[in-house]
Amino acid sequence: MSATETNESQSRLRVSQRLVDAIVVVCSILLAFTIDAWWDDRGERKAEIVLLKRLQADFGEIRAMLEVTLKDHAETHDACVALLEFEIGETLPATPEVDSMVAKVFLASRTFNPGSGAVAAFLGSDSARLVRNQLLADLLLAWPGLVEELQEEEAQLHKGVSERWTPYLASRANLGLYIATYGVLMSGLPGHVSSPSQRKPLTVDEEFVNHVLNRFTWQQLALREIGPLSAAVEEILALLENELNS
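Residues numbered from 1 in each chain as written. Predicted model: local features only at pLDDT ≥ 70, side-chain atom pairs only at ≥ 80, totals over all residues. Heavy atoms only, no water.

1. Notes on helix H2 (residues 96-107)
One full turn of an α-helix is made of 3.6 residues, so residues set three or four places apart face in the same direction. The end-to-end C-alpha separation of H2 is 16 Å, in line with the 16 Å expected for twelve residues at 1.5 Å each. Of all twelve residues that make up H2, ten are buried, and the element is covered over most of its length. For H2, the set of buried residues is Val-98, Asp-99, Ser-100, Met-101, Val-102, Ala-103, Lys-104, Val-105, Phe-106 and Leu-107. (Helix = DSSP H or I, 4+ residues; strand = E, 2+ residues; numbered from the N terminus. Expected span 1.5 Å × (residues − 1). Buried < 20%, exposed > 50% of the residue type's maximum accessible area, 1.4 Å probe, protein only.)

Listed below in structure tokens is the structure:
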């Protein structure tokens, strides 16, 4: 082999070696990026699981709280309906059932306040990007708006109690007895605090009917807002369970 051929062969070997070295470097870089991406993804998945578990616990409590709220609003709604069945001019009977209905309609005021917890962590930080299920993320983003709509209706109920319905009842009957009855209702314990000899009779008149009708209207609006909340809670919990089990 001539010197020229030898030089050309060595030159080709050097080019080939450089090419191999370059390929090795590129592959090493790509492998490093792949490992980093895999590690980051693994870390984010762990963080997502922690967040999903917290959300599952919070919404489990929210579901129980919402059931109590729904029961309370429904009972007050039914109390309005029952009181509207009395005729104008009729004196309400001194019974535990009627006293409970009057206490619910003229004194009761409930506010659904599920707090923040994991939902606040989802909304107020970078945690939102951890939830990969888009439907679940959308429902979580919409949740505060649904709560706010119910709370707006409940704020009107609270305002009605403080500004109209309780003052009316105080002007027509022994308010202390109904307040005590309301306390028994809120405690969840059986009991009745008033007796016929203690009470000032409450007579149904047009103003009484108007107040009950007004309360009935706001109760219907509050119940209407609870429906979407209940549906959202059930869907969120179902999606959370699926994500945690996948």
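2. Here's the deal with the environment of Val-102
Here Val-102 is to be found in helix H2. Residues Val-102 and Ala-82 lie 20 residues apart in sequence; the distance between their C-alpha atoms is 9.9 Å. Once you skip the residues sitting within four places of it in the chain, Val-102 turns out to touch Leu-83, Leu-92, Leu-107, Leu-169, Tyr-178 and Leu-202. (Contact = heavy atoms within 4.5 Å.)

3. What to know about the packing of H2 against helix H6 (residues 206-245)
With their axes 10 Å apart at the nearest point, H2 and H6 run at an angle of 70 degrees to one another. Here H2 lies roughly perpendicular to H6, going by the angle between them. H6 is crossed by H2, and the crossing has left-handed handedness. Residues Lys-104, Val-105 and Phe-106 of H2 form the contact with H6, whose participating residues are Phe-208, His-211, Val-212 and Arg-215. (Axes fitted to C-alpha atoms, helices over the stretch in contact; angles between N-to-C directions. Parallel < 35°, antiparallel > 145°, perpendicular 65-115°, else oblique. Left-handed = near helix turned anticlockwise from the far one by under 90°.)

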